[in-house]
Amino acid sequence: MTLDTSALIPGLEGVPIAESSISQVDGEAGRLYYRGYSIEELTQGTTFEQVVGLLFDGDMPNAARIAELKKQLEADRALTPKQIQIARDIATDTHPMFALQAAVAALGPKVNNFDQTDFAAAQARGIALTAKVGHLVGVIAQAWAGRPYDGPRPGESHASMVLRMITGHDVSELHERAMNALLILQADHSAANVGTFTTRVVTSSRAEPESVISAAIGALSGPAHGGANEAAIRLFVDIKSPDNVENYLAGMVERKERIPGFGHRIYHVKDPRSSVIQRLAGEVIVRPEEQNYYAIALEVEARLAERLGARGLWPNVDLFSGCVFHALDIPIDFFTPVFAASRTLGWAVQKREQLESEIGRAHV
């Protein structure tokens, strides 16, 4: 048998894989929309709970629906003592993303036979997983830091729960607003990324929702996907000062090393999420160390824009997001788990849309 290698398309670039109404990415104009709402609009005071309703229901929820979703998410975030202990045990032996992937898989039922025609169940379990994954990130963070378990509190918002459990201290109104924006900003980004593509492929095998989300978390963990935000802040730690940026970057470019936080397969202008992150940075970055990292990030942007802007390479969401995570006291190893906690919402909605489509089983 002879393969026609001329037909191969590396990375499936430009190959449509699904029709979707969840989010729209305009790479030429640098715009991102969820159900027709711009990401700039949605990160100006909207809560994560509202966006759960928007993505699952197709339009912005009214007051009654918001109250219903808050109640549902608060009930669904509950974990059994055994599930909590599994997550805590794994967290002491491996990277938080591996711990999260395993802990989410452990949420699966004993019967592995998901009914792909039950769209209501797909939505209910998707909302439940959105709640539980946020809780699990907090459980893993507490064990990783050697702290005792301190779970969700009655009436606590999703953003506040995740941030408080990770950091170990109460959350200010400012930081809760910033966390809401971060969770919303990373909730979805069309089907044309590794994590969401993984979601749709695994969904097509009739896998249980927990298996789907666990697989997507594995895809997100890579440094060329969700792990890039960790790599960017570690780069700034190595650079040490804005004065060192030019020489440091020159060496990386000469060695043809990948520069985290710069360039995107879809965006040929500045990533719109990066601009939102910079607005958040102006609100929450106050301490000298964080100000230094942000100054380095700005210098990296300026220097690389001179070198690479003409080639359509501009900052993506990861260049500045680590600076904001750091300002919220989120440890570097938990930048990507927080990304996973927010993107679980998008993956769950993508799973339901995949089930509702007529694509059937994918052969890859």
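Residues numbered from 1 in each chain as written. Predicted model: local features only at pLDDT ≥ 70, side-chain atom pairs only at ≥ 80, totals over all residues. Heavy atoms only, no water.

Q: So what's going on with the environment of Leu308? Which residues, and what values?
A: Relative to the assigned elements, Leu308 resides in helix 14 (residues 288-308). C-alpha separation for the pair Leu308 and Phe262, spaced 46 residues apart in sequence, amounts to 9.4 Å. Beyond its immediate stretch of four places on either side in the chain, Leu308 contacts Phe262 and Leu313. (Helix = DSSP H or I, 4+ residues; strand = E, 2+ residues; numbered from the N terminus. Contact = heavy atoms within 4.5 Å.)

Q: Break down the packing of aromatic side chains for me, with residues and values.
A: Taken as a whole and judged by the stated rule, the model has three aromatic pairs. Where Tyr294 meets Phe320, the ring centres are 5.8 Å apart and the plane angle is 65°; that geometry is what we call edge-to-face. Here the residue Tyr294 occupies a position in helix 14, and Phe320 occupies one in helix 15 (residues 317-327), the gap between them amounting to 26 residues. When sorted by exposure, Tyr294 lands in the same class as Phe320, which is buried. Measuring from centroid to centroid gives 5.1 Å for Phe325 and Phe335, while their planes differ by 35°, and the two rings are tilted. With a gap of 10 residues between them, Phe325 in helix 15 and Phe335 in helix 16 (residues 335-356) connect regions that are remote in the sequence. For the pair Phe325 and Phe335, a shared accessibility class is recorded, and that class is buried. (Phe/Tyr/Trp six-rings, centres within 6.5 Å; stacked < 30°, edge-to-face > 60°. Buried < 20%, exposed > 50% of the residue type's maximum accessible area, 1.4 Å probe, protein only.)

Q: So what's going on with unusual backbone geometry? Which residues, and what values?
A: Of note, Arg206 is a non-glycine position whose phi angle comes to about 70°, a positive value. With respect to the helices and strands, Arg206 occurs in the loop between helix 9 (194-203) and helix 10 (209-220). Judged by relative accessible area, which is 48%, Arg206 ranks as partly exposed. Its identity as a non-glycine residue notwithstanding, Lys240 has a phi of 80°, on the positive side.

Q: Tell me about the pairing of strand 2 (residues 31-34), residues and numbers included.
A: Side chains Leu32 and Tyr34 project from strand 2 onto a buried face, and the interleaved Arg31 and Tyr33 project onto a face without burial. Pairing between strand 1 (residues 23-26) and strand 2: four bridges, direction antiparallel. When the sheet's bridge partners are listed, Ser23 is paired in strand 2 with Tyr34. Hairpin geometry of strand 1 and strand 2 is characterised by an intervening segment of four residues between the two adjacent antiparallel strands and by a positive phi of about 70° at Gly30. Examined bridge by bridge, strand 2 and strand 3 (residues 37-38) share two bridges and lie antiparallel to one another. Bridging across to strand 3, Tyr34 finds its partner in Tyr37. Connecting strand 2 to the next strand, strand 3, in antiparallel fashion are two residues, including Arg35 with a positive phi near 50°. (Pairing = 2+ DSSP bridges.)

Q: So what about the nonpolar core? Which residues, and what values?
A: In terms of nonpolar packing, the biggest core is built from 95 residues, with Tyr34, Met179, Phe236 and Ile330 touching the most fellow members. By residue number, the principal contributor to this core is helix 6 (residues 119-144), which donates 10 residues. Those residues in contact with Phe236 that sit more than four places away from it in its chain are Tyr293, Ile296, Ala297, Val300, Leu319 and Cys323. (Core = buried A, V, L, I, M, F, W, Y, C linked by side-chain atoms within 4.5 Å.)

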